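So you can see what is in the structure, the chains are spelled out below.
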Amino acid sequence: MTIAAIATPLAVGGISIIRISGERAIEIADRVFQAQSGIPLAQKAGYTAAFGQIMQDGKSLDTSVATVFRAPKSYTGEDVVELSCHGGVMITREVLRVVLEQGAVLAEPGEFTKRAFLNGKLNLTQAEAVVDLIQAGNRQAMNAARAQMGNALYQKIERIRMDLLAIAGHLGAWVDYPEEEIPEVDQGRLLDSLRQSMRELSRLIRSFDTGKLVREGIETVIAGKPNVGKSTLMNLLAGCRRSIVTDIAGTTRDVVEETVSLGEWTLRLADTAGIRDTADQVEQAGVELARARLEQAQLILAVFDSSQPLSEEDRELIRTVSGKPVIAVVNKSDLPAQIEWEELEQAFPSLLVISARQEESLSGLEEKIGQVIQSEKLDLSAGMIATERQRSCAETVMENLREAAEGLEAGITLDAVTVSIDSAIHALLELTGGNVTEEVVNQVFSHFCVGK
Ligand code: GDP
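What counts and how
Residues numbered from 1 in each chain as written. Predicted model: local features only at pLDDT ≥ 70, side-chain atom pairs only at ≥ 80, totals over all residues. Heavy atoms only, no water. Helix = DSSP H or I, 4+ residues; strand = E, 2+ residues; numbered from the N terminus. Pairing = 2+ DSSP bridges. pLDDT = per-residue confidence, 0-100. Contact = heavy atoms within 4.5 Å. Axes fitted to C-alpha atoms, helices over the stretch in contact; angles between N-to-C directions. Parallel < 35°, antiparallel > 145°, perpendicular 65-115°, else oblique. Left-handed = near helix turned anticlockwise from the far one by under 90°.

**Overview of unusual backbone geometry**
Phase 1 of the analysis: Residue Pro 72 is reached from Ala 71 by a cis peptide bond, and omega for that bond is 0°.
Phase 2 of the analysis: Relative to the helices and strands, Pro 72 resides in the loop between β5 (59-69) and β6 (80-86).
Phase 3 of the analysis: Even without being glycine, Tyr 47 reaches a positive phi, approximately 60°.
Phase 4 of the analysis: We note that Asn 151 has phi near 80°; this positive angle belongs to a residue other than glycine.
Phase 5 of the analysis: Mapping Asn 151 onto the fold places it in the loop between α5 (139-149) and α6 (152-176).

See the structure below:
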């Protein structure tokens, strides 16, 4: 089946591209496109282009450049023609309609990339990285997606799979020759090898959570009693005065949301009412919301006023956030200090002294965030688990390997251990797409947009 779709955003722009892929791509393109040279596209080599007209009912609809790709040297691995035309919504839709009238079928979401996968142009983790690359909203996310397209995860997974195949080979030999003496040392080595694979895998699984923070942003809560400078900090982060800053305690009642880029990080910020008990009902609702958000936060900026001694409210905040991913932001460093430093230093492993009125404060914060969410342990180019699907496969592998290791240690029959390892290998193949059901493939590509 030959498919077609608009590959560019359906909006006003310089150029729009209609992509056609499949056995009849060139033939269909020849029916709608008339080259100025008079030479049909069927006579053109791959990677060549022709200038001409898109024809509708014998009349020119638009001028266009047709680019020809010949199988297997194209994105999908099939014959592909890309028609570039003027970038208007109406004109683009009309060109697509003419192409469909000539026998192409409208592509499903992600169908071009799906065909690329089915034709062996890329593996499943690379295909998934295509979505991440398109959607990357910050540099870290983009770099992670690029590493993934460069096969960083695939290579890690393949190495684990090769190790497991070697273990399975050894076990197979034992099972086949049960009467032979099994050297103790070998069994130890197999266990080591198994544990090595498990360590690598668990690192990859952990990378999923950090990767998610990188892609989707860090859910951040700014907490602290009234007047410590939360709004000022928020405004400094946002680069604009978004929420009300005031000297009267208790005026930040609603949760104001903001997404800000702080160097490499994207923070999803909520500036919340101070945590304290109050008789004011409207404010009470805000306080409860603030508590709920503290529970879910991936990062808490606990703000204190260094020009005042710690109050009971401050101490309650310290107790509430203890053990959570928190940075103590000790604000108003431009004023004479009154705060109990020792108490704060004991309570918080990560402490930052700033004046929220000064822009220079931000670079220190960026560094602390990296420490708190342990970015130093995250090497994005080293390959990471990027999707829920991949994570679930990796968990299955982990489960199987745990069974195998326990089995080996307990000296259960080697057949059973072999079964666990075979299951692990199978799940690894599912992760990379080497062995997946059609249902899984369809699920993966349903996240794509039409035309990709
Ligand atoms: P919030 O109630 O925690 O949101 O506190 P605000 O951001 O509204 O700040 C309360 C007051 O402290 C305002 O008058 C701010 O201008 C002031 N303030 C905030 N940060 C600093 C700072 O670093 N130094 C000084 N001197 N004042 C600050």
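**Topic: the pairing of β5**
Phase 1 of the analysis: The pairing of strand β4 (residues 48-56) with β5 spans 9 bridges and is classified as antiparallel. Directly across from Thr 48, in β5, lies its bridge partner Val 68.
Phase 2 of the analysis: Turn length for the β4-β5 hairpin, with the two strands adjacent in sequence and antiparallel, is 2 residues, and the turn residue Asp 57 shows positive phi of about 50°.

**So, the confidence of the model for the chain**
Phase 1 of the analysis: When pLDDT is averaged along the chain, the result is 86, and 88% of the positions lie at 70 or above.
Phase 2 of the analysis: Note on residues 240-248: pLDDT under 50 across the span, and 21 contacts to partners over four residues away in sequence or across chains.
Phase 3 of the analysis: Across residues 273-278, where pLDDT falls below 50, the model places 26 contacts with residues more than four positions away in sequence or in other chains.

**Some words on the packing of helix α4 (residues 124-135) against α5**
Phase 1 of the analysis: At a minimum axis distance of 8 Å, the contact between α4 and α5 shows a crossing angle of 160°. By the criterion of interaxial angle, the relationship of α4 to α5 is roughly antiparallel. Remark: the crossing between α4 and α5 carries left-handed chirality. Contacts between α4 and α5 involve Thr 125, Gln 126, Ala 129, Val 130, Asp 132 and Leu 133 on the former and, on the latter, Met 142, Ala 145, Arg 146, Gln 148 and Met 149.

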